[in-house]
Amino acid sequence: MRWLLLKDLQILRRSPLQAVLLVAYPVLIAVLVGLAVSRGPEKPRVALLNEVPTNARVSLSGKKLPSANVQRRICAKVECVHVGSRDEAMAKVESGDVLAALILPEDLVNKINSLSTLSPGTPKVEVLVNESDPLKASMVDDKIEALLAQANLTLAKRIAVEGGRYLNLVIRGGNLPVLGGGVHILGLQASAHILEAIEPALPNGPLKVALSQVTEFAKQAGENLDIAGPLINRLAQPITVEKVAVGGSSPPLETFAIAVAATLTLAFVAVLLVAGSLALEREENAFPRLTRGLVSSEALLGEKVLLGIVVGLVVTILMLAGLTIFVPLEWSRVGLWLAAIVVGGASLAAAGSALGAAAREVRAVSLLAFMVTLPVAFLSLVPAGTVGRGLYDVIKVITALFPFKPALEAMTSALEAGNGGIGAPLLHLAILAVAYALIARLALRRFTRV
Amino acid sequence: MQARGLVKRFGDREALRGVSFEAQAGELVAVIGPNGAGKTTLLSILAGIQGADGGEVETGDGAVGWVPQQAALYRRLTVEENLMLFARLEKHEDPGRSVAEMLELTGLGDRRGEIVARLSGGNQQRINIAIGLLSRPGVLLLDEPSVGLDPRQRARLWDFVAGLAGRGTTVIFSTHDIQEAERYGNRMLVLADGEALFDGSADELREAVRTEAPEAADRDFETAFVAYLHHRGH
């Protein structure tokens, strides 16, 4: 077996393009994933035209609220490109220099202030977006909606605070600042006390009865309006979210990204190399000569799986080592990495040998290996709940029949503690390795026809 | 080597129908017949590549070397690496020495380091045969060994094969080139549609043609042979 392995490695060395791809591919993947996971997502560039006068403030009952710094908040979420006119904003959107333009009109604050008057206006902001790219348009919609929701929330909270303060003044009394001076407000509670004190001094009669009713109203209003304060505050954000994780533990995003990159590399190397190498035995007419007493078909399959494991191991470890430049990896868990790579590599190589035995020609095999590996890898990344239940069940079955998903699970578990046990995916991979080896052995019968 | 009543079926089609023959040490036996006659199937059964559905093969002592029609070697390896690989797989005690012997035998010693893919078809075929000889076989089976070779390469090939037979190796080769079979074969086994029509020398085959297809007896051997097959219903 070792001589066959040596022969395959010699052939690999003699195919510079293949060898370069095997090294360059994981290095490229490592660099891309490394850059992706070590840098935060880039902020979308949005043109901002703020026509609101700098001294304009939202006011409530004649009192100006402190600045909510909406512009600063927006620019914290997106990369603001300040523009001087609507035309400039439009030109930037059309040219693709910015994803969208947000225009805050001059009368925005006045319209907001009008909400508390008898003739309320409709405050509007304008969003310019280039909809030639539906994906981009959808992204802009989501981003701008989120920004506006946040701006509305900020505004609502400030209004609620001021509303609560006024309500407190009505209940408890105090000083209301008006036009630089102040007006004393008695308040419902003090009014009730005064009325209670006056009531015994009045003679019985309709006037006393009426005063008693007013006193009772002032008392009840003073007591009960107390609970309106928290209600007004809740109006700003009536629903809060409490996230409770039930079942499953999701790995950190960067660990998952590294596991995906490593498994993808291992899958392509093991499946393509083994499938191609086995098909090459047929294409070079060497298979009948080899299996004519020199090696058994089983030994030849074993050698191919070993080839997939060895090359897959080297390339995947190389890739993980490359990733350590960008992201710290737990090298203390290298034993588990090796287990995941070796068992995953064996299972993927066995699948590759089944493909190689079934397709027989190197070109057909390469195409088939891509056609199988890429969609299965894609399907393995579809999370539950993002597609219909029936479709997800089908995806689950398909991905369970190919070693990519269990190899990804094993790799994720191996890379970091707390990402689920590695035993179940390794067992799954071992079962698939045996099943694919049997399929390959059956398919090899066709190789012997001369 | 002896074959008795060999039968091979592929589904409903009978590729061999009770073929029997015998070859002695140092004999050159040509298996001839039109395409689809069963030549390759017969040789692959003799080589043990596939089993027969009926009949039996006796090979006597010694290994049977097999050289398939298309060179069975690794084109991205060098001449020496190919020979070394198969010598190691044959478990030779001294693979290096066996490789040196084969390089000398094939006259490719000065091209030992060349990638096989860069060699001519004739030289690739010589390596193909050399690999078949690594097991030091008593019987060498060659499946259409001269296909794709130019006349000069063919001549060198047959000189080489004749040398092997001269040293006592039984050589059984298939061909559909009747002139080649006549020139290099001591005996001819004529197959058509899986049936053995004739087993004897070239002179005996000419006699059989003269008897069964007298109208073509005076024409060239190939035309006469085709007329003979036609008379036999093929």
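Before reading on, note that the structure itself is shown above.
Here the structure is a predicted model, which means the values were calculated and not measured.

J.: What exactly am I supposed to notice about the overall build of chain B here?
T.: In terms of helices and strands, chain B carries 8 helices and 9 strands. Looking at chain B as a whole, 53% of its 234 residues qualify as buried. Sequence separation of 24 or more characterises 67% of the internal contacts of chain B that already satisfy a separation of 6 or more. With an accessible surface of roughly 10100 Å², chain B has 43% of that area assigned to carbon and sulfur atoms.

J.: Quick question: what am I supposed to make of the overall build of chain A here?
T.: For chain A, the helix and strand inventory stands at 17 helices and 8 strands. When burial is assessed residue by residue, chain A has 40% of its 450 residues classed as buried. Partitioning the intrachain contacts of chain A with sequence separation of at least 6 by distance along the chain shows that 73% fall at a separation of at least 24. A total of about 24100 Å² of accessible surface is found on chain A, and carbon and sulfur atoms cover 64% of it.

J.: Could you clarify how one ought to interpret helix α17 (residues 423–443) of chain A in this entry?
T.: An α-helix turns once every 3.6 residues. As a result, residues three or four positions apart point the same way. Residue and element names in this part refer to chain A. Between its terminal C-alpha atoms α17 stretches 30 Å, which fits the 30 Å expected from 21 residues at 1.5 Å a residue. Taken together, the buried positions of α17 are occupied by Pro425, Leu426, Leu429, Leu432, Ala433, Tyr436, Ala440 and Ala443. One side of α17 carries all its buried residues, which in axial view fall inside an arc of 125°. Exposed and oriented more than 90 degrees from the buried face of α17 are Ala424, Leu427, Ile431, Val434, Leu438 and Leu442.

J.: Sorry, what's going on with the pairing of strand β1 (residues 2–10) of chain B here?
T.: The side chains of a regular strand alternate between the sheet's two faces. Residues and elements named next belong to chain B. Two elements, β1 and strand β2 (residues 13–22), share 7 bridges in a ladder whose sense is antiparallel. In the sheet register, Lys8 faces β2, and the bridge partner there is Leu16. The pairing of β1 with strand β4 (residues 54–58) spans 4 bridges and is classified as antiparallel. Looking at the pairing, Arg4 lines up with Glu56 of β4.

J.: Would you mind going over the state of the cysteines with me for this structure?
T.: By definition, a disulfide links the sulfur atoms of two cysteine residues through a covalent bond. Residue and element names in this part refer to chain A. Under the defined criterion, the tally for this structure stands at 1 disulfide over all chains. Through a disulfide, Cys75 is tied to Cys80; the S-S separation comes to 2.1 Å. Because the sign of the S-S torsion sets the handedness, a value of about -105° for the bond joining Cys75 and Cys80 places this disulfide among the left-handed ones. Classification of Cys75 as partly exposed rests on a relative accessible area of 21%. Given a relative accessible area of 19%, Cys80 falls into the buried group.

J.: In this structure, what is going on with a nonpolar patch on the surface? I would like to understand it.
T.: Among the surface-exposed residues, Met1, Leu306, Val310 and Val314 of chain A lie close enough to one another that they form a single nonpolar patch of about 310 Å² accessible area. By the secondary structure assignment, Met1 of chain A is in the segment before α1 (2–14).

J.: Sorry, what's going on with the packing of helix α16 (residues 404–415) of chain A against α17 of chain A here?
T.: Describing two packed helices takes the angle between their axes plus the distance from one axis to the other. All names here are of chain A. Packing of α16 against α17 leaves a shortest axis separation of 8 Å and a crossing angle of 150°. By the angle between their directions, the pair α16 and α17 is classed as roughly antiparallel. For the pair α16 and α17, the crossing hand works out as left-handed. Contact residues: α16 offers Pro406, Ala407, Glu409 and Ala410, while α17 offers Pro425, Leu426, His428, Leu429 and Leu432.

J.: Sorry if this is basic, but what is going on with the pattern of salt bridges here?
T.: A side chain with one charge can pair with a side chain of the opposite charge if their charged atoms come near. With the rule as written, the count across this model stands at 27 salt bridges over all chains. In this structure, Lys7 of chain A and Asp8 of chain A form a salt bridge, with 2.9 Å as the shortest nitrogen-oxygen distance. On the basis of relative accessible area, Lys7 of chain A is assigned to the buried category, the value being 1%. The buried category is assigned to Asp8 of chain A, whose relative accessible area is 7%. Close ionic contact of Asp199 of chain B with Arg187 of chain B constitutes a salt bridge, the shortest N to O distance being 2.8 Å. Here Asp199 of chain B is found in strand β9 (residues 195–200), whereas its partner Arg187 of chain B is found in strand β8 (residues 187–192), with 12 residues between them in sequence. Using a relative accessible area of 35% as the deciding quantity, one classes Asp199 of chain B as partly exposed.

J.: Before we go on, may I ask you to explain the sheet that holds strand β6 (residues 139–143) of chain B in this structure?
T.: In sheet architecture, strand pairing relies on hydrogen bonds along the backbone and comes in two forms, parallel and antiparallel. Residues and elements named next belong to chain B. One open sheet holds the 6 strands; their spatial order is β5-β6-β7-β3-β8-β9, and the pairing between them is mixed. Looking at which strands have only one partner, the edges of the open sheet turn out to be β5 (64–67) and β9. This sheet shows a mean twist of 15° between the axes of neighbouring strands, independent of strand direction. When β6 meets strand β7 (residues 170–175), the two strands line up parallel, connected through 5 bridges. Considered in β7, the bridge of Leu141 is made with Ile172. Against the sheet, helix α7 (residues 202–212) touches β3 (28–32), β8 and β9, its axis set at about 120° to β9.

J.: Any chance you could explain the interface of chain A and chain B here in plain terms?
T.: Accessible area lost upon the coming together of the parts serves often as the stated size of an interface. Across the contact, 22 residues belong to chain A and 29 residues belong to chain B. Across the interface of chain A and chain B, roughly 2300 Å² is buried in total on both sides, 59% from carbon and sulfur atoms. If you sort the residues of chain A by the area they bury against chain B, Glu284, Arg289 and Arg292 of chain A come out on top, with a joint share of 32%. If you look at where chain A meets chain B, you find 2 salt bridges. Ionic pairing is found between Arg14 of chain A and Glu81 of chain B, a salt bridge with its closest N-O pair at 2.7 Å. Where chain A packs against chain B, one counts 12 residue pairs in polar contact (both at pLDDT 80 or more).

Definitions and limits used
- Residue indices follow the written sequence of each chain, beginning from 1 at its first position.
- A letter from A marks each chain and a number from 1 marks each ligand, given out in the order of writing.
- This being a predicted model, a pLDDT of at least 70 is required before a residue's local features are given, and a value of 80 or more before pairs of side-chain atoms are given or counted; all residues contribute to the totals for chains, interfaces and linings.
- Heavy atoms from the whole structure form the basis of all side-chain values; hydrogens and water molecules are not counted.
- Where helices and strands are cited, they refer to DSSP runs of H or I of at least four residues and of E of at least two residues respectively, numbered from the N terminus.
- Exposure is judged per residue with a 1.4 Å probe applied to protein chains only, and the accessible area is read against the type maximum: over 50% gives exposed, under 20% gives buried, and values in between give partly exposed.
- What makes two residues a contact is simply this: any of their non-hydrogen atoms within 4.5 Å.
- Here the Shrake-Rupley method, with its probe set to 1.4 Å, supplies the accessible areas, and only the displayed protein chains count as covering residues.
- Helix span, expected: 1.5 Å multiplied by one less than the number of residues in the helix.
- By construction, the arc corresponds to the directions joining the helix axis to the C-beta atoms.
- When DSSP finds two or more bridges between a pair of strands, those strands are recorded as paired.
- In plain terms, two cysteine sulfur atoms within 2.5 Å form what is called a disulfide here.
- Patch building starts from residues that exceed 30% relative accessible area and form no salt bridge, then joins like charges within 9 Å and nonpolar side chains (Val, Leu, Ile, Met, Phe, Trp, Tyr) within 5 Å.
- Salt bridge, as used here, is a side-chain nitrogen of Lys or Arg placed within 4 Å of a carboxyl oxygen of Asp or Glu.
- Interaxial angles span 0 to 180 degrees and are taken between N-to-C directions of axes, which are lines fitted to C-alpha atoms, for helices over the stretch in contact.
- These descriptions rest on fixed angle ranges, namely under 35 degrees for roughly parallel, over 145 for roughly antiparallel, 65 to 115 for roughly perpendicular, and the rest for oblique.
- A crossing counts as left-handed when the near helix is turned anticlockwise from the far one by less than a right angle, and as right-handed when that turn is clockwise.
- Buried area: the accessible surface (1.4 Å probe) lost by two parts on joining, summed over both.
- What qualifies as a polar contact is a pair of N or O atoms within 3.5 Å, subject to a donor-acceptor requirement within protein and to the restriction that residues adjacent in sequence count only when both atoms come from side chains.

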